[in-house]
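Commentary on secondary and tertiary structure
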Amino acid sequence: MEVPTDSSSSSFGVHLQNWLTDKSVRDQFLIHCFGEIEVYWNIGTGHLKPELFDYRVVYPESVTWSPSGTYLATTFKKGSIIWGGTTFFSPLMFYDHKLVKLIDISPGEKYLVSYSKFEINGAVLKIFDVETGEVKMVIDRSKFEHAIGGIEAISQVSWPVFRWSGRNDDKYLARIEKNAIYIYETKTFGLIDNEPLKAENVMDFCWSPTDPIITLFVPTDDDEVQPARVSLIQVPSKEELKRKNLNGVRDCKMFWQSNGEYLAVMFNQFNETRDSTYQRFVIFGIKDPGIPIEDFELENNNDMIIAFAWEPKGQRFAVIHALGERRNVSFYSVLKAHNRLQFSKLVTLDVEQAGSLHWSPVGRFIIVAAMKGCGGDLIFYDAAALGTLATENFAAANIEWSPTGGYVAAISDEMDVGRVMIWSFFGVLLCQIPRRKFKQFCWRPRSSSSFSMDEMQAVLEAVNNLDGSLANLNNEDKDVFTLSMEQCQTWEAPEGWDRCWTEISRMMNKNRNAALEELETKEVTLDGQTLVEN
């Protein structure tokens, strides 16, 4: 099997997304245990239990999907490998970076960023072209220490260091330093206008998920002479589209709605006597004329806000708030009138415990969760019908919706034993997967993640097909399918699968002189960064 060495290789292409043509529109998921990686087809119409897609014995440091699920990326001591294929995964490219600890793949899957804190004299950060393996940017140790404030900060690096613009064109990326945001364009991997965006005391920034707009936050100064501010910056022009000054604010949290229509900024505000603070929001109508900004407060200013989440692709948002022993979940809808934003409360729920909100990627359905250590209640709720679909108890450490929104997985990890529970979106338990030496569960992302109502109906039919009387049974009463390791032990590898590991060894050795070659590469210096010249 030949390793791809350039972007024209047939190893890359649309065939890597062949899994999206599944007639039952099934999702895939990955289970990573120590020494093992399993990839399954999920339950779907005509498929009453998960089916094994790929299985292998391997010992990566970490495993992650690319943003659209085209590739599977793994890290090893010598570097990173991406995998892809139609019927099983083959190694596609190796990225040489010794003792790599963290990786990030750009939204459009064109670039891979890797980080190694252990290369004493080498590169801390590298950016690779995914298809060619070419190094596009290098930041060495001394420059990186200066950027993040000393050697001690490296062990607590805020990842990802580079944040990509929200659109899938991978056109811009940015990072923060003291008093500036460095914005690069990927055509040359140089700074826009050859200089950073200066913003004294800037604390944080984030991109719009859909447009080349940066939101930055600057806190008030120590004497509170200068107010804090939230600014919207257009890229590449660096024009300030909108600014909101906030008196006496030292920190905030920013929440983008998935379509980039709204931005909510949560912060603590002093009361009139300045003897206490309360939490409030300002909400930007990003795509409305003039970008209107409106204040939003809970009915009781003394309530503590525990969680906030926008409905994906929708106009609603949910808030968990508490006062003393009381816990509530409130749902609101954004209304527009005369270029103003208004907020209509839909309902407030009384709950015993709740700490996190998990919307389905298609919206409407949400899980209100009290995670591990907080009671374990999972409330399946329909925000359109304003009704509870089901209530379950499971001490989950993590909750993940399938990309199509038809299923949701709750994951626990107790004493090296993991358990994955898969429910339908309306709260029927369908499958449980116990694993020893469990490390990770994750759904395979999709470039398009919306289920139509017809496809939602197909989920209902798939669940009903499991048992004719399923609708009349509680979860604890029915026979739930348990996915055991027996499937892996009886699984037959596709033709050519056994050559993959020979290929891994070849790929890892093909760049054995990469470090020496990098020293000979012509380099240029730009804003203190070492850039590889193309």
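Definitions and limits used
- Residue numbering note: each chain is counted from 1, following its sequence as written.
- This being a predicted model, a pLDDT of at least 70 is required before a residue's local features are given, and a value of 80 or more before pairs of side-chain atoms are given or counted; all residues contribute to the totals for chains, interfaces and linings.
- In computing side-chain properties, one takes all heavy atoms of the structure into account and sets aside hydrogens as well as water.
- Think of it this way: any DSSP run of H or I at least four residues long counts as a helix, any run of E at least two long counts as a strand, and we number them from the N terminus.
- Summary of the burial criterion: residues with accessible area below 20% of their type's maximum are buried, those above 50% are exposed, and those between are partly exposed, where the area comes from a 1.4 Å probe applied to protein chains only.
- Throughout, a contact is declared for two residues whenever any of their heavy atoms are within 4.5 Å.
- Within this scheme, the nonpolar core is defined by two criteria: the residues are buried Ala, Val, Leu, Ile, Met, Phe, Trp, Tyr or Cys, and they are joined through side-chain atoms within 4.5 Å.
- Stacked, edge-to-face and tilted labels apply to pairs of Phe, Tyr and Trp rings (six-membered ring for Trp) whose centres lie within 6.5 Å, assigned for plane angles under 30 degrees, over 60, and everything in between, in that order.
- The distinction between a cavity and a pocket rests on a 1 Å grid over the protein atoms alone: a 1.4 Å probe fits inside a cavity but cannot get out, while a pocket stays open yet meets protein on both sides within 12 Å along at least five of seven lines, and a residue with an atom within 4 Å of a point counts as lining.
- Grid points are joined across faces, edges and corners, and a volume is the space filled by probe spheres set on the points.
- The residue classification treats Ala, Val, Leu, Ile, Met, Phe, Trp, Tyr, Cys and Pro as nonpolar and Asp, Glu, Lys and Arg as charged. All others, Gly included, are polar.
- Strand pairing follows a simple DSSP-based rule, namely that at least 2 bridges must link the two strands.
- Comment: axis = line fitted to C-alpha atoms, over the contacting stretch for helices; angle = value between 0 and 180 degrees taken between N-to-C directions.
- To count as a disulfide, a pair of cysteine sulfur atoms needs to be within 2.5 Å.
- Confidence scores labelled pLDDT are given residue by residue by the predictor and lie between 0 and 100.

This brings us to the overall build of the chain. Tallying secondary structure elements over the chain gives six helices and 40 strands in all. Residues counted as buried form 54% of the 534 residues belonging to the chain. Taking the contacts inside the chain whose residues are at least 6 apart along the sequence as the reference set, 49% of them involve residues at least 24 apart.

To continue, consider the nonpolar core. Counting residues in hydrophobic clusters, the biggest one holds 37 residues, and the most contacted among them are Leu378, Ile399, Ile422, Trp423 and Phe441. The element that contributes the greatest number of residues to this core is strand β34 (residues 407–414), accounting for five residues. Once residues within four sequence positions are removed from consideration, Ile422 is found in contact with Phe29, Asn42, Tyr407, Val408, Ala409, Val428, Leu429, Leu430, Cys431, Ile433 and Trp443. Core analysis: the second largest hydrophobic core is formed by 18 residues, Phe217, Leu232, Phe284 and Ile291 among them.

Another aspect to go through is the packing of aromatic side chains. If you walk through the whole model with that rule in mind, you get 33 aromatic pairs. Residues Trp65 and Phe89 carry aromatic rings whose centres are separated by 5.9 Å and whose planes lie at 55 degrees to one another, so their mutual orientation is tilted. Of this pair, Trp65 sits in strand β4 (residues 62–65) while Phe89 sits in the loop between β6 (79–84) and β7 (90–96), and the two are 24 residues apart along the sequence. What makes Trp65 buried here is its relative accessible area of 7%. Ring geometry for Tyr172 and Trp207: centres 6.5 Å apart, planes at 15 degrees, overall stacked. Remark: Trp207 occurs in strand β17 (residues 204–207) and Tyr172 occurs in strand β13 (residues 172–177); sequence separation between them is 35 residues. Trp207 matches Tyr172 in its accessibility class, with the two residues each being buried.

A few words now on empty space enclosed by the protein. For the structure on display, the rule yields one cavity of 30 Å³ or more. By volume, the largest cavity amounts to about 40 Å³. Surrounding the largest cavity, Ile37, Val39, Asp54, Tyr55, Arg56, Leu72 and Phe89 form its lining. The element that contributes the greatest number of residues to the lining of the largest cavity is strand β3 (residues 51–57), accounting for three residues. When grouped by side-chain class, the residues that make up the lining of the largest cavity number five nonpolar, no polar and two charged.

Turning our eyes to something else, we now look at the environment of Ala318. With respect to the secondary-structure elements, Ala318 resides in strand β26 (residues 316–323). Sequence-wise, Ala318 and Phe331 are 13 residues apart; in three dimensions their C-alpha atoms are separated by 4.5 Å. Setting aside residues up to four positions removed in sequence, Ala318 forms contacts with Ala307, Phe308, Ala309, Ser330, Phe331, Leu357, Trp359 and Ile366.

Moving on: the sheet that holds strand β18 (residues 213–218). The strand order across the open sheet built from four strands is β17-β18-β19-β20, with neighbouring strands paired in antiparallel fashion. The open sheet is flanked by β17 and β20 (240–246), the only strands paired with a single partner. If you compare each strand with its neighbour and ignore which way they point, the axes differ by 15 degrees on average.

Evaluated as defined, the whole model comprises zero disulfides. With no disulfide of its own, Cys252 lies closest to Cys206 among cysteine sulfurs, the gap being 8.4 Å.

In space, the four strands of this open sheet follow the order β21-β22-β23-β24, with antiparallel pairing throughout. Bordering the open sheet on either side are β21 (252–256) and β24 (293–296), each of which pairs with just one other strand. Across the sheet, the mean angle separating the axes of adjacent strands is 25 degrees when strand polarity is ignored. Pairing of strand β23 (residues 277–285) with β24 involves four bridges; the strand directions are antiparallel. By the bridge assignment, Phe281 is partnered in β24 with Phe296.

What follows covers the confidence of the model for the chain. Reading predicted coordinates in detail is not appropriate for stretches of low pLDDT. In this model, the chain carries an average pLDDT of 82, and 77% of its residues clear a pLDDT of 70 or more. Strand β19 (residues 228–234) holds the highest mean pLDDT among the elements of the chain, 97, whereas strand β39 (residues 523–526) holds the lowest, 35. Every residue in residues 145–155 is under pLDDT 50, and counting partners more than four places away or in other chains gives 13 contacts. Predicted confidence is poor over residues 467–478, with pLDDT under 50, and the contacts of this stretch with residues over four places away or in other chains come to 14 contacts.

Every regular strand shows the same layout, with side chains that alternate between the two sheet faces. When you tally the buried positions in strand β11 (residues 135–140), you get five out of six residues, the bulk of the element. Here strand β10 (residues 123–129) pairs with β11 via five bridges, running antiparallel. Across the sheet, the residue bridging to Ile127 is Met137, located in β11. Remark: five residues form the turn of the hairpin made by β10 and β11, two consecutive strands paired antiparallel; Gly133 in that turn has positive phi of roughly 80 degrees.

Looking now at the environment of Ala354. Within the secondary structure, Ala354 is located in the loop between β28 (340–351) and β29 (356–359). A C-alpha to C-alpha distance of 8.4 Å links Ala354 and Gly375, two positions 21 residues apart in sequence. Apart from residues no more than four positions distant in its own chain, Ala354 is found in contact with Ile306, Ile320, Arg327, Val329, Val368, Ala369 and Ala370.

Turning to the pairing of β6, a few remarks are in order. Of all six residues that make up β6, six are buried, and the element is covered over most of its length. In this sheet, β6 lies alongside strand β5 (residues 72–76) in antiparallel orientation, the contact comprising five bridges. Bridged to Thr75 within β6 is Ser80. Connecting β5 to the next strand, β6, in antiparallel fashion are two residues. Pairing geometry for β6 and β7, over six bridges, is antiparallel. By the bridge assignment, Gly84 is partnered in β7 with Ser90. Remark: five residues form the turn of the hairpin made by β6 and β7, two consecutive strands paired antiparallel.

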